[in-house]
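# Analysis of the macromolecular model
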Number of protein chains: 2
Amino acid sequence: MVLAKKQINKENLLSEGVQLLMQQGYHGTGLKEILDAVQIPKGSFYNYFSSKESYAAEVIQHYINPFIEQLDSHLQNPELDALTALNNYFNELIVELEKAEFKGGCLLGNLMGEIGDTSDLCQKSLQLAVNRYKDLLATGLKKAQMEGTARIDKSADDMADLLVNTWQGALLRMKIEQSAEPIKQCCNDLLGDYFRV
Amino acid sequence: MVLAKKQINKENLLSEGVQLLMQQGYHGTGLKEILDAVQIPKGSFYNYFSSKESYAAEVIQHYINPFIEQLDSHLQNPELDALTALNNYFNELIVELEKAEFKGGCLLGNLMGEIGDTSDLCQKSLQLAVNRYKDLLATGLKKAQMEGTARIDKSADDMADLLVNTWQGALLRMKIEQSAEPIKQCCNDLLGDYFRV
DNA sequence: TTAATAAAAACGACCAGTCGTCTTTATTTG
DNA sequence: CAAATAAAGACGACTGGTCGTTTTTATTAA
């Protein structure tokens, strides 16, 4: 009961952190703003997290998990080949980003740029999150290779890296152009062309 | 004399801003830190700039100019074909980034992620800077197409977009991996493979 | 002397983090 | 089982310090 409430509070803090840190950045978001949003007193924050920095490190993991699950469920679909599944997954992301009117983008990309080389704690969390995500993409691409839809003269891991990086860069462009064109072009160029046999 | 000094002060503020904003971000850098570094009193800042935001917008332009000049001089080299010139230019960048031990990365990428969708002023400045840079890349790729080294079934402009975006994403990865491998792979995959005939 | 520029001082708002205190739960003792 | 004690959690007020910006004073140039 009490333990449950603590879990809920922590979960709420993490969820709100995902939104606020993604939209306003690490230094652009004060603890007060987060705590007000979830109605938790200032003094209670440090019962849940040891510092703002370690909080952000946890927010990063909390952010990436749903994406991994979503991507995985697409890849698990037995009716689709892996390359189509990847395409469908990214198209879903694009719809979401259009719905959000291109605000925020990706928490990982934003924090990599802002504090990726200044906060040790967050750097490690970002490494872990990005690599977990990249590995799943590589698994999908490997499957596409075995299905004969993806080229085999490049390793699935290298293609996954390229896809992650281009996607991140395209999200940055999306933010300043306020347009879905960069992220659509990313999918067309890589999934629709370069990765194909 | 006075006008000249004012110009020098402003120039120093912009140069220092490039370094600090790139390494610590917009919200992570206080005006005091910048002013202390160039030894200009805090009260004098608003004699040079109307706000921190408009200052950052000017810093962005001040940042990109040398890159455009550097890239342009490579492309102007009459002894090299354009694709080789582009490769040489990016290899120079990689050397610089290794020398800096992967700290900072690119001011444009970092600020796109942090404030690219929250500051109108900086968003416009980022648009201008990125597009000026991208257009020059497209010019180089167009030249490579005419020289027969780059594929012509994709427009030079689209390839330039892809190159900019992948480069930006690779820089983010570089920051958290503390390695030049992502940016090297970007060059290998695009300039060394995908863009070639 | 007047106008323009520079810089000092001060502004309220906000920052991450800590404090002592109070309440609730867990453990020990009779 | 109950009472006493200990530990843990929750909490708002407050810390010193910094934020970007404005107002006021001092200096310079015309």
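So, here's what we can say about the structure.

What counts and what doesn't
Residues numbered from 1 in each chain as written. Chains lettered and ligands numbered in written order. Predicted model: local features only at pLDDT ≥ 70, side-chain atom pairs only at ≥ 80, totals over all residues. Heavy atoms only, no water. Salt bridge = Lys/Arg side-chain N within 4 Å of Asp/Glu carboxyl O. Helix = DSSP H or I, 4+ residues; strand = E, 2+ residues; numbered from the N terminus. Buried < 20%, exposed > 50% of the residue type's maximum accessible area, 1.4 Å probe, protein only. Least-squares fit on C-alpha atoms with pLDDT ≥ 70 in both. Contact = heavy atoms within 4.5 Å. Near = heavy atom within 4 Å. Polar contact = N/O pair within 3.5 Å; in protein donor to acceptor, adjacent residues only side chain to side chain. Nonpolar A, V, L, I, M, F, W, Y, C, P; charged D, E, K, R; others polar. Axes fitted to C-alpha atoms, helices over the stretch in contact; angles between N-to-C directions. Parallel < 35°, antiparallel > 145°, perpendicular 65-115°, else oblique. Buried area = accessible area lost by both parts, 1.4 Å probe.

A full pass over the atoms with the stated rule returns 28 salt bridges over all chains. Between aspartate 117 of chain A and lysine 175 of chain B there is a salt bridge whose closest N-O contact spans 3.5 Å. Here aspartate 117 of chain A, found in the loop between α6 (107–115) and α7 (120–146), pairs with lysine 175 of chain B, found in helix α8 (residues 156–177), and the two come from separate chains. Taken as a pair, aspartate 117 of chain A and lysine 175 of chain B share a single burial class, namely buried. Connected through salt bridges with shared partners, the residues Lys134, Asp135, Asp157 and Asp161 of chain A together with Arg173 and Glu177 of chain B form a single ionic network.

The two copies are related by a screw motion: chain B maps onto chain A through a turn of 180° and a shift of 0.0 Å along the axis, at an RMSD of 0.1 Å. Accordingly, the operation relating the two chain copies is best matched by a two-fold axis. Both copies present the same face, since 100% of the interface residues in chain B are matched by interface residues at the equivalent positions in chain A.

Examined against the element boundaries, arginine 173 of chain B turns out to sit in helix α8. Apart from the residues within four sequence positions on either side, arginine 173 of chain B is in contact with Met112, Val130, Asn131, Lys134, Asp161, Val164 and Asn165 of chain A together with Gln178 and Pro182 of chain B.

Here the focus is the protein's contact with DNA strand D. The environment of DNA strand D is made up of 16 residues, and the closest members are Pro41 and Asn47 of chain A together with Leu31, Tyr46 and Lys52 of chain B. Between asparagine 47 of chain A and DNA strand D, the recorded distance is 3.2 Å, taken from a side-chain N or O atom to a base nitrogen. Here a base nitrogen of DNA strand D and a side-chain polar atom of lysine 42 of chain B are 3.0 Å apart. Sorting the residues of the surface near DNA strand D by element identifies α3 (45–48) of chain A together with α2 (31–38) of chain B as the ones contributing at least two each. Looking at the surface near DNA strand D residue by residue, the classes come out as five nonpolar, six polar and five charged.

All names here are of chain B. With their axes 7 Å apart at the nearest point, helix α5 (residues 82–99) and helix α7 (residues 120–147) run at an angle of 140° to one another. Classified by the angle between their axes, α5 and α7 sit oblique to one another. Between α5 and α7, the contacting residues are Ala82, Leu83, Leu86, Tyr89, Phe90 and Leu93 on the first element and Tyr133, Leu137, Gly140, Leu141, Lys143, Ala144 and Glu147 on the second. Among the residues making up the contact of α5 with α7, the classes are represented as 10 nonpolar, one polar and two charged.

Okay, the interface of chain B and chain A next. Opposite the 43 residues of chain B that make contact, chain A presents 43 residues. Summed over both partners, the interface of chain B with chain A buries about 3700 Å², with 51% contributed by carbon and sulfur atoms. When the buried surface of chain B facing chain A is broken down by residue, Asp117, Arg173 and Ile176 of chain B rank first, second and third, together holding 20% of it. Counting the contacts that link chain B with chain A gives eight salt bridges. One salt bridge in this structure joins aspartate 189 of chain B and lysine 154 of chain A, with 2.6 Å as the shortest N-O distance. Taken together, chain B and chain A are joined by 23 residue pairs in polar contact (both at pLDDT 80 or more).

Take helix α9 (residues 181–194) of chain A next. What α9 of chain A keeps buried is the set Pro182, Ile183, Gln185, Cys186, Cys187, Asp189, Leu190, Leu191 and Tyr194 of chain A. Summarising the contacts, the buried residues of α9 of chain A are in contact with α5 (82–99) and α8 (156–177) of chain A together with α8 and α9 (181–194) of chain B.

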